[in-house]
Amino acid sequence: MSEFRGAIWWNELMTHDIDHAQAWYRRVCGWRFQTTPAADGGDYHVAYLGAQPVAGMLDMSGMERHAETRSQWVAYVAVDDLETALHQTETGGGQIAREPFEVPHVGRIAIVHDNVGALLGLIVPETAG
């Protein structure tokens, strides 16, 4: 078992209004943002508190599959083995919402609904492996 297992590894806001979200988090939390290209061709917005990255923001406005999805935070929890965690999710009453995928320089991720329906990301962080 790794020292990272069970840690909240990252938090990400999925929203249809990046500009308003960033303005609110700048004002309330003191965050600044850096925009980087995302693997899917869009942009990814990393929030910083001082020099420390603290969260990400993803613009859903152009994503047809998320047209009806409300803005929401998704936490990503580190696991040692994604296949085992997905098996445990399903046998424990949860569901897989998005099959595993790789994010370069980040890790291997899957999105699930836990046994009470809450959305959660599971990640095997690249730096933990």
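As a reminder, the structure under discussion sits directly above these lines.
Residues numbered from 1 in each chain as written. Predicted model: local features only at pLDDT ≥ 70, side-chain atom pairs only at ≥ 80, totals over all residues. Heavy atoms only, no water.

**Student:** Summarise the packing of aromatic side chains; cite the residues concerned and give the values.
**Tutor:** Evaluation of the coordinates by the stated rule reveals 6 aromatic pairs. Note on Tyr25 and Trp73: the rings are 5.6 Å apart at their centroids and 80° apart in plane angle, and the pair reads as edge-to-face. In this pair, Tyr25 is assigned in helix α1 (residues 18-29) and Trp73 in strand β5 (residues 72-78), connecting sequence segments 48 residues apart. Ring geometry for Trp31 versus Phe33: centroids 6.4 Å apart, planes at 70°, classification edge-to-face. Here the two residues Trp31 and Phe33 agree in accessibility, since each one is buried. Lying over the aromatic face of Tyr48, Arg32 brings its terminal NZ or CZ to 4.5 Å of the ring centre. (Phe/Tyr/Trp six-rings, centres within 6.5 Å; stacked < 30°, edge-to-face > 60°. Helix = DSSP H or I, 4+ residues; strand = E, 2+ residues; numbered from the N terminus. Buried < 20%, exposed > 50% of the residue type's maximum accessible area, 1.4 Å probe, protein only. Lys NZ or Arg CZ within 6 Å of the ring centre and 35° of its normal.)

**Student:** Describe in detail the sheet that holds strand β6 (residues 95-103), supporting the description with residues and values.
**Tutor:** Sheet architecture is open: 8 strands sit in the order β2-β3-β4-β1-β5-β8-β7-β6, paired in mixed fashion. The strands lining the two open edges of the sheet, one partner per strand, are β2 (32-37) and β6. Mean inter-strand twist for the sheet, computed between neighbouring axes without regard to direction, equals 25°. Here β5 pairs with strand β8 (residues 119-125) via 3 bridges, running parallel. Considered in β8, the bridge of Tyr76 is made with Gly121. (Pairing = 2+ DSSP bridges. Axes fitted to C-alpha atoms, helices over the stretch in contact; angles between N-to-C directions.)

**Student:** Run through the nonpolar core, naming residues and quoting values.
**Tutor:** Met14, Tyr44, Val46, Tyr48, Leu58, Met60, Val74, Tyr76, Phe101, Ile109, Ile111 and Ile123 together form the largest nonpolar core, which totals 12 residues. Of all the elements in the fold, those that place two or more residues in this core are β3 (43-49), β5 and β7 (107-113). By residue number, the principal contributor to this core is β3, which donates 3 residues. Those residues in contact with Ile123 that lie beyond four places of it in its chain are Trp9, Tyr76, Val77, Ala78, Val79, Val106, Arg108 and Ile109. (Core = buried A, V, L, I, M, F, W, Y, C linked by side-chain atoms within 4.5 Å. Contact = heavy atoms within 4.5 Å.)

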